[in-house]
Amino acid sequence: MNPVAAALGAAFALAGSGAIAALPAPARWGPAVVGAATAGVGIAGAAAGGAAVSGTVWQAYLPDLLPLAGVRLAVDPLAGWFLLLVGGVAAVVGVYTIGYLGRDGHGPAARGALAVLPVFVAAMLLVPAAGSVSTFLLAWELMAVTSLLLVLGEHRHSPAVRTAGLWYAAMTQAGFVTVLLGLTRLAAAAGGESFAAIRAAGAGLSPVTAGGVFLLCLAGFASKAGAVPLHPWLPRAHAEAPSHVSALMSAAMVKLGVYGIVRVGFDLLGGGARWWWLLLGALGAVSALYGILQAAVATDLKRLLAFSTSENVGLILLGLAAAGVWAGAGQDGVAGVALAAALLHAANHAGFKTLLFCGAGSVLRSTGTRDLDALGGLSRRMPATTALFTVGALCAAALPPGNGFVSEWLLLQALLHQAPQAGTVLTVAAPVAVAVVALTAGVGVATYVKVLGTGFLARPRGDGAATAVESPRSMLVAMGLAAAACAGLAIVPVVAAPALERIAGELRAGPELFAGGGVDLRLAGIGSIVSPLWVAVGVIGLAVGFAAAGRALGRARRRAPAWDCGDGPLTARMEYTATSFAEPLQRVFDDVLAPEQDVDVTPAAESAYIVRAVAYRRRLPDRIEAHLYGPVIAAADAVGRAGRRLANGSVHRYLAYMLAALVAVLVAGVIR
Amino acid sequence: MDGGLSGQDPACGAGGRAGSRAAAAAALGAGLGGSVQVRHVDAGSCNGCEIEIGQAFGPVYDAERHGVRLVASPRHADVLTVTGPVTVNMAQPLRATYEAMPRPRLVVAVGDCARDCGVFAGGHGVLGPVGDVVPVDVRVPGCPPEPAAIVAALRGVSGR
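The rules behind each value
- Residues numbered from 1 in each chain as written.
- Chains lettered and ligands numbered in written order.
- Predicted model: local features only at pLDDT ≥ 70, side-chain atom pairs only at ≥ 80, totals over all residues.
- Heavy atoms only, no water.
- UniProt positions renumbered as here; feature names shortened; annotations may be inferred.
- Helix = DSSP H or I, 4+ residues; strand = E, 2+ residues; numbered from the N terminus.
- Buried < 20%, exposed > 50% of the residue type's maximum accessible area, 1.4 Å probe, protein only.
- Contact = heavy atoms within 4.5 Å.
- pLDDT = per-residue confidence, 0-100.
- Buried area = accessible area lost by both parts, 1.4 Å probe.
- Salt bridge = Lys/Arg side-chain N within 4 Å of Asp/Glu carboxyl O.
- Nonpolar A, V, L, I, M, F, W, Y, C, P; charged D, E, K, R; others polar.
- Pairing = 2+ DSSP bridges.
- Axes fitted to C-alpha atoms, helices over the stretch in contact; angles between N-to-C directions.
- Patch = residues over 30% accessible without salt bridge, like charges linked within 9 Å, V, L, I, M, F, W, Y side chains within 5 Å.
- Areas by Shrake-Rupley, 256 points an atom, 1.4 Å probe, with all protein chains shown as cover.
- Expected span 1.5 Å × (residues − 1).
- Polar contact = N/O pair within 3.5 Å; in protein donor to acceptor, adjacent residues only side chain to side chain.
- Core = buried A, V, L, I, M, F, W, Y, C linked by side-chain atoms within 4.5 Å.
- Bend = angle between axes of the 7 residues up to and from the residue.
- Disulfide = S-S within 2.5 Å.
- Phe/Tyr/Trp six-rings, centres within 6.5 Å; stacked < 30°, edge-to-face > 60°.

Under an unreviewed UniProt entry, the name given to chain B is Oxidoreductase, and the source organism is Phytohabitans flavus. One UniProt comment on chain B, placed under Sequence similarities (unreviewed entry), says "Belongs to the complex I 20 kDa subunit family." One UniProt comment on chain B, placed under Cofactor (unreviewed entry), says "[4Fe-4S] cluster".

Set out below in C-alpha cells:
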C-alpha cells in the first residue's frame with residue numbers, strides 16, 4: 001500500500017474516532033482524548049507529507065464517497081510540503097491542548113468545541129490533498145466552518161469573541177465565494193474539474209479568463225492568508241480564539257492560503273502574466289510593512305502575534321511574486337530560489353508562530369491577561385516558558401541563529417539577483433522589495449525586543465503577572481518540540497533542500513537550486529552560499545566567549561542597587577511599558593498609523609493653573625480597516641435597515657407581494 | 001592648593017583625619033590623571049553655594065580648564081560635591097548617591113553649612129554636617145565660598 005495513502009487514511013480515521021470519542025468522554029478526560037487524537041492526526045499527516053516530499057506521489061478517485069462529483073485526492077511534493085507543515089503544527093498543538101484545556105485549564109472546554117479540533121486538523125490536511133475543484137472547495141469550506149466553531153469557543157465569556165467570530169465568518173465566507181467563482185470558472189473553461197485536466201488545459205486559456213480566475217482566487221486565498229488589506233479578521237480571530245486554536249490557525253491554516261496561490265497560480269494556470277505577480281508582490285510588500293508596524297505598536301500579546309503573521313505572509317507572498325516574475329522572464333534558477341525562499345519561510349513561520357502562540361497561551365492561562373502593559377517579571381516565575389518564548393522571538397526577529405534568518409536570506413538573494421535584461425519595472429520593483437524586507441526585518445527586531453523585554457523581563461506590572469505559575473509539563477513539552485523544530489530548521493535547513501528542489505522542478509522552475517552536500521546552503525544558479533550551522537556556532541560561540549572572557553579578565557565586580565536618583569525604591573510603575581517602548585516608532589510612523597490621542601486636563605476649582613487630574617487616552621485603530629471596510633459595513637447596514645420596511649409584519653402586505661410576484665411571473669411568461 | 005583645602009582649617013570637626021585625607025586626595029588626584037567627574041548634591045543648602053559653584057564652572061573661572069567636569073549621575077562621578085547642612089529628608093538620598101558612586105571616590109563639602117551646619121546649626125529638620133552622613137575628604141570654607149576657593153579645591157583633586 002502506498003505510504004501516503006496509509007498515513008492519510010490513518011489521519012482521517014483518527015480524526016473521526018477522536019471527535020466521536022470526545023463527545024461522551026468525561027470532562028476530566030476530554031482534553032486528553034482530544035489532544036492525543038489531534039496529535040495523532042498531526043503525526044499521521046506529517047508522515048504522509050514526509051513520504052510525499054521524498055518523491056512518493058499518490059492519486060485516488062473515490063466516486064461513491066460523495067454524490068455527483070465524488071472525491072478526488074492527489075498528493076504531489078507540493079501538497080506534501082503543506083501536509084508536513086500542517087501535520088507538524090497539529091502534532092505540537094495536540095500535545096499542548098492536553099495541558100492547556102486540562103485540569104485548572106484556561107477557558108471553557110465545551111465538549112462540542114473540543115470535538116471539532118481533530119476534525120479541523122483533518123480538514124486542513126484534506127485541502128492540500130484534494131485533487132479536484134469540488135473536493136478542494138469542500139475541504140476549504142469544512143476548514144472554514146470548523147475553525148469558526150473553534151474561534152467561538154469562549155463566546156460566553158466575552159463579547160469581543162462574538163465580534164471576532166462575526167468578522168471571521170463574514171470574511172472567510174466572502175473569500176470562499178470568490179474562490180468558488182474562480183475555480184468553477186476555471187473548471188468550466190478547462191472542461192474538467194480534476195486538477196490534472198485543468199493543468200492540461202491551463203496553458204491554453206485566454207489571458208482574460210486566466211487573469212480573472214487568478215484575481216478571484218487571489219482575493220479568497222489572500223484573505224485566508226491574512227494579507228493586507230484583506231486582514232481585519234486576523235488580529236481579531238487570532239487574539240480572541242483559545243490559544244491552541246490561534247496557534248493552529250496562524251501557523252497552519254493561514255499557510256493554506258499560500259498553498260492555494262501556489263497551486264492555482266503556478267500549477268493549474270502555469271505561470272501567467274507578469275502583472276499578476278507584480279500585483280501579488282505589491283500585496284506582499286504592503287502586508288509586510290503594515291503588519292509589522294501594527295505589531296510594533298500593539299500592546300495585546302496575541303494581537304501583536306497576529307499582525308506579525310500578516311507580516312510574515314507578506315514576505316512569503318513577496319517570495320512567490322519574485323518566483324512568478326523571474327519564471328516569466330525565463331530566469332528559472334532564480335525563480336526556483338524565490339519559490340524555495342517562500343516555501344521555507346512558510347515552514348519557518350509555522351515553527352516559530354506555533355511556539356509563540358503556545359507561549360502566549362501559557363502566559364494567558366497563568367496570568368489571565370494578554371496585555372503587555374500589565375505583564376512583566378515572568379522570567380522568574382515562568383522560566384521554562386520564558387526560555388522557549390525567547391527561542392521563538394529570536395527566530396521571528398529573523399536574526400541569526402534563528403530560522404527566520406535563513407529564509408529571509410534566501411528571499412533577499414532571490415530579490416537582489418537582477419537579470420541584465422530585466423526592464424525598467426523590475427529594476428525599480430526589485431530594489432524597493434529589498435528595502436521593504438530590510439525595513440520589515442528592522443522593525444521586527446524592535447517588536448520582539450518589546451515583547452520579550454516588557455512581557456517577560458523586568459518586574460511584574462500587575463497582579464496576574466506577580467502570581468503567575470509555570471505551565472504544566474505537557475504544554476512545556478509541546479513548546480519544546482516546536483523550539484526543537486525551529487532549531488533544526490535554523491541550523492540544518494539543508495535537509496529541506498531536496499524537497500524544495502523537487503517542488504520547484506515540478507512547478508517548472510529551476511531544477512537545480514542547491515549544489516553540493518554538507519551543511520552549507522549553496523545556491524547553484526546564483527553562486528551564493530550561507531552556512532547556518534557555522535553562523536550559529538559563531539554567534540553562540542562569540543556570545544559565550546565574550547561572557548566568559550568578561551568574567552575571567554574583568555575587574556572585581558561590585559553589586560549595587562539600581563540607581564533610583566536616591567529617591568527610594570523603584571516601582572513597577574516606573575518601568576518601560578510596551579506602549580512607551582513603541583512610542584518613538586509610533587511617532588516616526590505617525591502618518592501611517594494615525595494614532596488617536598487625547599489629553600484631558602482637569603483644573604482645580606480655585607485656579608485654572610492648578611491641575612487636579614490629567615487623563616491621557618491613546619487608541620491605535622486599524623486605519624485600513626476603518627477606511628476600507630467602514631463604508632462597506634455602513635452601506636450594508638443601511639440596505640438592511642431599508643429592507644426592513646418591506647417586511648413590516650402585515651399579512652396583507654405579504655399576500656400582496658405574493659400576488660404581485662405571481663402576476664409578474666405570468667406576465668413575463670406571456671411576453672416570452 | 002593654597003588654603004582652599006580645608007585640611008589646614010582648624011575649624012574643621014574631624015581635623016586630625018582630614019590632613020591625611022587631603023594628602024590622599026592629592027595622591028588620588030594624580031591617579032585620576034587630571035580628569036575629574038563631579039556629581040553635585042544639594043543636601044539642604046540655601047542655594048548660595050550653588051550660585052558660587054555655577055560661577056566656578058562659568059566662563060570667568062572655568063573649572064573645566066583644570067580637568068573638572070560636572071556630570072548628571074553618580075554612576076559617572078569620581079567626586080561628590082555636597083552643599084548645605086544635611087536635612088532629615090536629604091540624608092538617605094545623599095547616602096544612596098555616595099553608595100552609587102564607583103570606587104575610588106572622594107567627597108568635597110562646599111561651604112560652612114556642609115562643614116558644621118553654619119547658621120542653620122540646631123535648626124528644624126537639620127540632621128547635621130555632611131561629615132556625619134558620608135566621609136568627607138576635602139572641605140571648602142566660606143559662606144558662601146568664593147568660586148576661586150572652589151576651583152582651588154577641585155584643582156587639588158584633579159592635580160592640574
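What follows deals with the overall build of chain B. Broken down by element type, chain B carries 5 helices and 7 strands. The secondary structure elements of chain B, listed N-terminal to C-terminal, are α-β-α-β-β-β-α-β-α-β-β-α. Scored against the burial criterion, the 160 residues of chain B give a buried share of 52%. Residue pairs in contact within chain B that sit at least 24 positions apart in sequence constitute 82% of those at least 6 positions apart.

With that settled, consider the confidence of the model for chain A. Predicted confidence across chain A gives a mean pLDDT of 89, with 96% of residues reaching 70 or more. Here strand 3 (residues 521-523) of chain A stands out as the least confident element of chain A, with mean pLDDT 76; helix 15 (residues 383-396) of chain A is the most confident, with 95.

Here we come to the interface of chain A and chain B. Each partner contributes to the interface: chain A provides 6 residues, whereas chain B provides 11 residues. Approximately 580 Å² of surface area, both sides summed, lies buried where chain A meets chain B, with 53% of it carried by carbon and sulfur atoms. At the boundary of chain A and chain B, one finds 0 salt bridges. Classifying every residue of the side of chain A that touches chain B gives 4 nonpolar, 1 polar and 1 charged.

With that settled, consider the UniProt feature "signal peptide" (unreviewed entry) in chain A. Residues annotated by UniProt as "signal peptide" (unreviewed entry) correspond here to residues 1-21 of chain A. Regarding residues 1-21 of chain A, the helix share stands at 90% and the strand share at 0%, and the terminal C-alpha atoms are separated by 28 Å.

With that settled, the discussion passes to the sheet that holds strand 5 (residues 106-110) of chain B. Residue and element names in this part refer to chain B. A sheet is described by the order of its strands in space; here 5 strands give the open sequence 2-1-3-5-7, paired in parallel fashion. A strand with exactly one partner marks an edge of an open sheet, and here the two such strands are strand 2 (68-70) and strand 7 (138-140). When strand polarity is set aside, the average angle formed by the axes of neighbouring strands in this sheet is 30 degrees. Contacts from helix 3 (residues 88-100) reach strand 1 (36-42), strand 3 (79-83) and strand 5 within the one sheet, and its direction differs from that of strand 1 by about 165 degrees. Helix 5 (residues 147-158) contacts strand 1, strand 2, strand 3, strand 5 and strand 7 of the sheet and is inclined by roughly 165 degrees relative to strand 7.

Below, the discussion takes up a nonpolar patch on the surface. Together, Leu659, Leu662, Val663, Leu666, Val667 and Ile671 of chain A line one region of the surface with nonpolar side chains, adding up to about 600 Å² of accessible area. Looking at the secondary structure, you find valine 667 of chain A in helix 25 (residues 651-671).

Glancing now at helix 1 (residues 3-22) of chain A. Residues and elements named next belong to chain A. The end-to-end C-alpha distance of helix 1, which contains 20 residues, comes to 28 Å, matching closely the 28 Å that a straight helix rising 1.5 Å per residue would cover. Those residues of helix 1 that sit buried are Val4, Ala5, Ala7, Leu8, Ala11, Ala15, Gly18, Ala19 and Ala22. You can read the cap of helix 1 off the contacts: a side-chain oxygen lies 2.8 Å from the backbone nitrogen of valine 4, and it is on asparagine 2.

Membership of the largest hydrophobic core comes to 203 residues, with the highest contact counts inside it found for Trp81, Phe136 and Leu320 of chain A. The element best represented in this core is helix 13 (residues 332-367) of chain A, accounting for 21 residues. Each residue touching tryptophan 81 of chain A, except ones within four places of it in the same chain, is listed here: Val53, Leu343, Leu344, Ala347, Ala496, Ala499, Leu500 and Ile503 of chain A. Grouped together as the second largest cluster of nonpolar side chains are 20 residues, Val138, Val140, Ile150 and Ala153 of chain B included.

On to helix 10 (residues 243-268) of chain A, then. Residues and elements named next belong to chain A. Helix length check: helix 10, at 26 residues, gives a terminal C-alpha distance of 35 Å against a target of 38 Å (1.5 Å per residue), a fit within 8%. Roughly 35 degrees is the biggest bend found in helix 10, and it falls at methionine 249. Across the 26 residues of helix 10, 26 count as buried, placing the element largely inside the fold. A positive backbone phi angle near 65 degrees is found at glycine 270, which sits one or two residues after helix 10.

What follows concerns the UniProt feature "domain: NADH:ubiquinone oxidoreductase-like 20kDa subunit" (unreviewed entry) in chain B. The UniProt record marks residues 46-155 of chain B with the feature "domain: NADH:ubiquinone oxidoreductase-like 20kDa subunit" (unreviewed entry), using the residue numbering of this structure. Across residues 46-155 of chain B, helical content stands at 33% and strand content at 19%; the span's end C-alpha atoms are separated by 25 Å.

This brings us to unusual backbone geometry. Peptide bonds are trans in most cases, and residues, glycine excluded, mostly fall at negative phi. Of note, the bond from valine 228 of chain A into proline 229 of chain A is cis; its omega dihedral lies within 30 degrees of zero at 5 degrees. Its location among the elements puts proline 229 of chain A in the loop between helix 8 (207-225) and helix 9 (233-240). Cis peptide bonds are those with omega within 30 degrees of zero, and the linkage from cysteine 143 of chain B to proline 144 of chain B qualifies with -10 degrees. In this structure, alanine 594 of chain A is a non-glycine residue whose phi angle is positive, near 45 degrees. Considering the arrangement of structural elements, one finds alanine 594 of chain A in the loop between helix 23 (590-593) and strand 5 (596-603). What makes alanine 594 of chain A partly exposed here is its relative accessible area of 27%.

Attention now goes to the pattern of salt bridges. Charged atoms that come close allow side chains of opposite charge to pair. Residues and elements named next belong to chain A. Evaluated as defined, the whole model comprises 14 salt bridges over all chains. We note a salt bridge from glutamate 583 to arginine 587, for which the minimum N-O separation is 3.0 Å. Taken together, the positions of glutamate 583 and arginine 587, both in helix 22 (residues 578-588) and 4 residues apart, correspond to about one turn of that helix. On the basis of relative accessibility, which here comes to 26%, the residue glutamate 583 falls in the partly exposed class. What you see here is one network of salt bridges that share partners, running through Asp76, Arg199, Arg263 and Asp267.

Quick look at the side chain of arginine 461 of chain A now. Residues and elements named next belong to chain A. Positionally, arginine 461 belongs in the loop between helix 17 (424-456) and helix 18 (463-466). Within the structure, arginine 461 has its side chain in polar contact with the backbone oxygen of leucine 375 (distance 2.8 Å). Here arginine 461 is in contact with Leu372, Asp373, Ala374, Leu375, Gly376, Thr454, Ala572, Glu575, Tyr576 and Thr577, once residues within four sequence places are set aside.

A full pass over the atoms with the stated rule returns 0 disulfides over all chains. Note on cysteine 358 of chain A: no disulfide assigned, nearest cysteine sulfur contributed by cysteine 486 of chain A at a separation of 11 Å. On the basis of relative accessibility, which here comes to 1%, the residue cysteine 358 of chain A falls in the buried class. Here cysteine 46 of chain B stays free of any disulfide, with the sulfur of cysteine 49 of chain B as its closest cysteine sulfur at 6.2 Å.

Once that is clear, we can look at the side chain of glutamine 294 of chain A. Relative to the assigned elements, glutamine 294 of chain A resides in helix 11 (residues 274-297). Not counting the four nearest positions on each side in its chain, glutamine 294 of chain A is found in contact with Arg303, Phe307, Leu593, Pro621 and Asp622 of chain A.

Below, the discussion takes up the packing of aromatic side chains. All names here are of chain A. Inspection of every chain in the model, using the stated rule, returns 16 aromatic pairs over all chains. Each ring, one from tyrosine 168 and one from tryptophan 233, has its centre 4.9 Å from the other, and the planes form 35 degrees; the classification is tilted. Separated by 65 residues along the polypeptide, tyrosine 168 in helix 6 (residues 159-190) and tryptophan 233 in helix 9 bring together distant segments of the chain. Note on accessibility: tyrosine 168 and tryptophan 233 belong to one class, buried. Connected via pairs of aromatic rings, a cluster forms that spans Phe214, Phe266, Trp275, Trp276 and Trp277.

All right, on to the environment of leucine 186 of chain A then. All names here are of chain A. Note that leucine 186 resides in helix 6. Note: C-alpha distance between leucine 186 and threonine 209 (23 residues apart in sequence) is 7.9 Å. Contacts of leucine 186, omitting those with residues within four sequence positions, involve Ile198, Leu205, Val213, Leu268 and Leu269.

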